[in-house]
Amino acid sequence: MSTKFTLPPLPYAYDALGPYMSAETLEFHHDKHHQAYVTNGEKLLEGSGLEILALEDIVKESYGKNAGLFNNAGQHYNHVHFWNWMKPNGGGNKLPGALAAKIDEDLGGFDKFRADFIAAGTTQFGSGWAWLSLKNGKLEVSKTANGESPLIHNAHPLLGVDVWEHSYYIDYRNARPKYLEAWFDNLVNWEHVELLFEEAR
């Protein structure tokens, strides 16, 4: 089994993100949904000609050419980061200095960025993700369908939130905006965002 398709352990206990994300949600989302992307991605990678590539490059190279592999590799990539984009007692508006300054410069300040990010997740029709990414040296907020990410648009994902129903339905039923607000304000791990921001620069 390749290390590219291995389910990473959660970086916190299953009940650590309550009350904003329940242990039941994490058990289903991590142990069942993410595991399925890993299992299927591993099978679809065999014989694809992309076996030697890193995960990011498998995502980019399979896009538009191998839908099955792309869907599973894309979702695996997204979720590897999603678990790290959250932490207990996360959120808040005290961002690392360079990241905060860049948000002020490119996105009109933290409050506007928060509103635009939540709006992107709310208005993504059906399954998908909302994103903060760095493209051509500028921050941008976007949304993508299904397992797509800014990677396939030549951008560096810095923060992403999963708006597939399995990410919130147990805890919030159909109240996606309520989930997004709780997630952004209470769970975001800004240190992981900063790490990806420094790498992307």
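Residues numbered from 1 in each chain as written. Predicted model: local features only at pLDDT ≥ 70, side-chain atom pairs only at ≥ 80, totals over all residues. Heavy atoms only, no water.

**Comments concerning the UniProt feature "domain: Manganese/iron superoxide dismutase C-terminal" (unreviewed entry) in the protein**
Turning to step 1, where the next piece is worked out: UniProt records the feature "domain: Manganese/iron superoxide dismutase C-terminal" (unreviewed entry) at residues 97-194, using the numbering of this structure.
Turning to step 2, where the next piece is worked out: Structurally, residues 97-194 comprises 46% helix and 23% strand, and the distance from its first C-alpha atom to its last is 9 Å. (UniProt positions renumbered as here; feature names shortened; annotations may be inferred. Helix = DSSP H or I, 4+ residues; strand = E, 2+ residues; numbered from the N terminus.)

**Some points on the pattern of salt bridges**
Turning to step 1, where the next piece is worked out: All told, the structure shown has seven salt bridges when counted by the stated rule.
Turning to step 2, where the next piece is worked out: Note that Asp-106 is salt-bridged to Lys-102, the shortest N-O span being 3.1 Å. Of the two residues, Asp-106 and Lys-102 both sit in helix H4 (residues 97-107), four residues apart, roughly one turn of that helix. Across the pair, exposure class does not vary: Asp-106 and Lys-102 are buried alike.
Turning to step 3, where the next piece is worked out: Here Arg-114 makes a salt bridge to Asp-185, at a shortest N to O gap of 2.8 Å. Within this pair, whereas Arg-114 is found in helix H5 (residues 110-123), its partner Asp-185 is found in helix H7 (residues 176-186), the two being separated by 71 residues in sequence. (Salt bridge = Lys/Arg side-chain N within 4 Å of Asp/Glu carboxyl O. Buried < 20%, exposed > 50% of the residue type's maximum accessible area, 1.4 Å probe, protein only.)

**Brief notes about helix H8 (residues 190-200)**
An α-helical turn contains 3.6 residues, so a residue and the one three or four places further along point in the same direction.
Turning to step 1, where the next piece is worked out: Among the residues of H8, Trp-190, His-192, Val-193, Leu-196, Phe-197 and Ala-200 are the ones counted as buried. Taken around the axis of H8, the buried residues stretch over an arc of 155°, which confines them to a single face. (Arc of directions from axis to C-beta.)

**Quick look at the environment of Asp-15**
Turning to step 1, where the next piece is worked out: Note on placement: Asp-15 falls in the segment before helix H1 (23-45).
Turning to step 2, where the next piece is worked out: Overall, Asp-15 belongs to the exposed group, its relative accessible area being 58%.
Turning to step 3, where the next piece is worked out: Taking C-alpha positions, Asp-15 is 29 Å from Asp-111, a pair spaced 96 residues apart along the chain.

**What to know about the sheet that holds strand E3 (residues 156-162)**
Turning to step 1, where the next piece is worked out: Across the sheet, which stays open at both edges, the three strands sit in the order E2-E1-E3 with antiparallel pairing between neighbours. Each having just a single partner strand, strand E2 (138-145) and E3 make up the two edges of the open sheet. Geometrically, the sheet is characterised by an average inter-axis angle of 20° between neighbouring strands, direction not taken into account.
Turning to step 2, where the next piece is worked out: Packing against the sheet, H8 makes contact with strand E1 (128-135), E2 and E3, and its axis sits at approximately 150° to E3. (Pairing = 2+ DSSP bridges. Axes fitted to C-alpha atoms, helices over the stretch in contact; angles between N-to-C directions. Contact = heavy atoms within 4.5 Å.)

**What to know about the domain arrangement of the protein**
Turning to step 1, where the next piece is worked out: With domains assigned, the protein is organised as domain 1 (23-85) and domain 2 (97-200).
Turning to step 2, where the next piece is worked out: The C-alpha-based centres of domain 1 and domain 2 are spaced at 19 Å.
Turning to step 3, where the next piece is worked out: Across the contact, 20 residues belong to domain 1 and 27 residues belong to domain 2.
Turning to step 4, where the next piece is worked out: Across the domain 1/domain 2 interface, buried area totals approximately 2,000 Å², and carbon plus sulfur atoms make up 64% of it.
Turning to step 5, where the next piece is worked out: A per-residue breakdown of the area domain 1 buries against domain 2 is headed by Thr-25, Phe-82 and Trp-85, which together make up 36% of the total. (Domains from an automatic or database assignment. Buried area = accessible area lost by both parts, 1.4 Å probe.)

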